[in-house]
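One letter stands for each residue in the lines below.
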Amino acid sequence: MSDLPDLLQLTEAGDRRYTVFQPAESAEGRDVVFSGQLLGQMMMASDRNAEGKDIRSVHAVFARAGSYLSPIEVDVESLQAGRTWASDTVTARQNGKLLSRATVLMNVVDADLMRHGPAMPDAPGFADLSPSSGAQAFPGAELRAVPGEQTNGDVPVEMAWHRFQRPVESPAANQAVLVWATCGYLIGLAMRPHADTVDFGQAHVSLSTGVIGHTVHFLERFDVSRPLLITHEATKAATGRVYGQGSVFTEDGVLVAAFHQDAMAKDAGRTLDPRTAM
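Let me sum up the structure you'll find in this document.

Reading guide: rules and limits
Residues numbered from 1 in each chain as written. Predicted model: local features only at pLDDT ≥ 70, side-chain atom pairs only at ≥ 80, totals over all residues. Heavy atoms only, no water. Helix = DSSP H or I, 4+ residues; strand = E, 2+ residues; numbered from the N terminus. Expected span 1.5 Å × (residues − 1). Buried < 20%, exposed > 50% of the residue type's maximum accessible area, 1.4 Å probe, protein only. Polar contact = N/O pair within 3.5 Å; in protein donor to acceptor, adjacent residues only side chain to side chain. Axes fitted to C-alpha atoms, helices over the stretch in contact; angles between N-to-C directions. Parallel < 35°, antiparallel > 145°, perpendicular 65-115°, else oblique. Left-handed = near helix turned anticlockwise from the far one by under 90°. Contact = heavy atoms within 4.5 Å. Nonpolar A, V, L, I, M, F, W, Y, C, P; charged D, E, K, R; others polar. Phe/Tyr/Trp six-rings, centres within 6.5 Å; stacked < 30°, edge-to-face > 60°. Lys NZ or Arg CZ within 6 Å of the ring centre and 35° of its normal.

**As for helix α1 (residues 35–47)**
In an α-helix there are 3.6 residues to a turn, and that puts residues three or four apart on one side. Its 13 residues place the ends of α1 18 Å apart at the C-alpha level, agreeing with the 18 Å of an ideal helix rising 1.5 Å per residue. In terms of residue burial, α1 counts as a mostly covered element, since 12 of its 13 residues are buried. Among the residues of α1, S35, G36, Q37, L38, L39, G40, Q41, M42, M43, M44, A45 and S46 are the ones counted as buried.

And the structure:
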């Protein structure tokens, strides 16, 4: 599709096999492909043969770190394709090695049988906040962080408004732009209550950190060129791991997505190369 951002463009390399776009600069300033980038690209590969269905959920496991210096290929295998539901497995490989595998569930959007949902958290509006510097978002998107250190009991929480610079046509492209901003915050957020003993600046130096599993549920269609409130909650940190979750709401309070993440955050026991280490 001509309106797609470059990062979501795919080049056909065979039957349901594609080469993904690799940016000139790393999202994190390191030679480690960002999980949110690869997740969005795998979703776009699955969407190529969706036949009018929307992506309902995606669950990805990131088994190995990828590099920006070599091409990455993704291939799609259909598990099932019916009139209402379909599902794919999507595998990303680089230099013959498996990087990640995702299960993508798709569905036709039906009329409501019933409708309810949670209330949106109380937060200043998008227009009341200023853009955040160094935000971890899809290139061309801005984040406006809600100030203060929110908590849910003893659990650290943060919220930010997200808006992409222009509309994109397909539901999958909107989802792929948004998913980037759901991946990169939970590990650092989990460290916030432990700032006296854990130095986030040591990530990839003396601390091994990285996203291992990420799941997103897309509950209604949305427009990424309109403000969306993303909440992050670092629910549990223990045993060298972080479990976190979050939600995405429109400005008028409709829950449109929810996500969950399993991540690693542990003492590496040695000095790492921050350019390539998790």
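Read on, since the account is not over.
**Points about the environment of D252**
Within the fold, D252 resides in the loop between β12 (241–250) and β13 (255–267). Residue class for D252 comes out exposed when judged on its relative accessible area of 64%. Distance from D252 to D6, taken between C-alpha atoms, is 30 Å for residues 246 residues apart in sequence. A polar contact of 2.3 Å, which involves the side chain of D252, links it to the side chain of T250.

**Section: the side chain of Q136**
By the secondary structure assignment, Q136 is in the loop between β6 (97–107) and β7 (141–145). The class of Q136 is buried, set by a relative accessible area of 13%. In terms of polar contacts, Q136 uses its side chain to reach the side chain of W180, at 3.3 Å.

**What to know about unusual backbone geometry**
One non-glycine residue, N95, lies in positive phi territory at about 55°. Among the secondary structure elements, N95 is positioned in the loop between β5 (85–94) and β6. With a phi angle near 55°, T239 is a residue other than glycine that sits in the positive phi range. Tracing the sequence through the fold places T239 in the loop between β11 (228–238) and β12. What makes T239 exposed here is its relative accessible area of 73%.

**Some details on the packing of α1 against helix α2 (residues 171–183)**
Contact pair α1 / α2: the axes reach a minimum separation of 8 Å and the direction vectors enclose 160°. Comparing their axes, α2 and α1 come out roughly antiparallel. When the axes of α1 and α2 are compared, the crossing they make is right-handed. Judged by residue contacts, S35, G36, Q37, L39, G40, M43, M44 and D47 of α1 engage A172, A173, Q175, A176, V179, W180 and C183 from α2. The residue inventory of the contact of α1 with α2, partitioned by class, reads nine nonpolar, five polar and one charged.

**Concerning α2**
The terminal C-alpha atoms of α2, which comprises 13 residues, lie 19 Å apart, in line with the 18 Å expected from a rise of 1.5 Å per residue. With 12 of 13 residues buried, α2 lies mostly within the body of the structure. Those residues of α2 lying buried are A172, A173, N174, Q175, A176, V177, L178, V179, W180, A181, T182 and C183.

**Considerations on the environment of H116**
Structurally, the position occupied by H116 is in the loop between β6 and β7. Measuring from C-alpha to C-alpha, the distance between H116 and T11 comes to 41 Å, with 105 residues separating the pair along the chain.

**Some details on the packing of aromatic side chains**
Tallied over the entire structure, the rule returns four aromatic pairs. Aromatic pair F138 and F164: ring centres 5.7 Å apart, planes at 85°, arrangement edge-to-face. Of this pair, F138 sits in the loop between β6 and β7 while F164 sits in strand β9 (residues 155–164), placing them 26 residues apart in sequence. For F164, a relative accessible area of 3% puts it in the buried group. Between F138 and W180 the ring centres are 5.5 Å apart and the planes differ by 75°, which places this aromatic pair in the edge-to-face class. Here F138, found in the loop between β6 and β7, pairs with W180, found in helix α2; they are 42 residues apart in sequence, far enough to count as distant. F138 gets classed as buried once you look at its relative accessible area, which sits at 3%. W180 gets classed as buried once you look at its relative accessible area, which sits at 3%. Among the aromatic residues, those joined into a cluster by ring pairs are F34, F138, F164 and W180. Over the ring of F126 we find R144, and its NZ or CZ is 4.0 Å from the ring centre.

In short, geometric facts, not functional conclusions.
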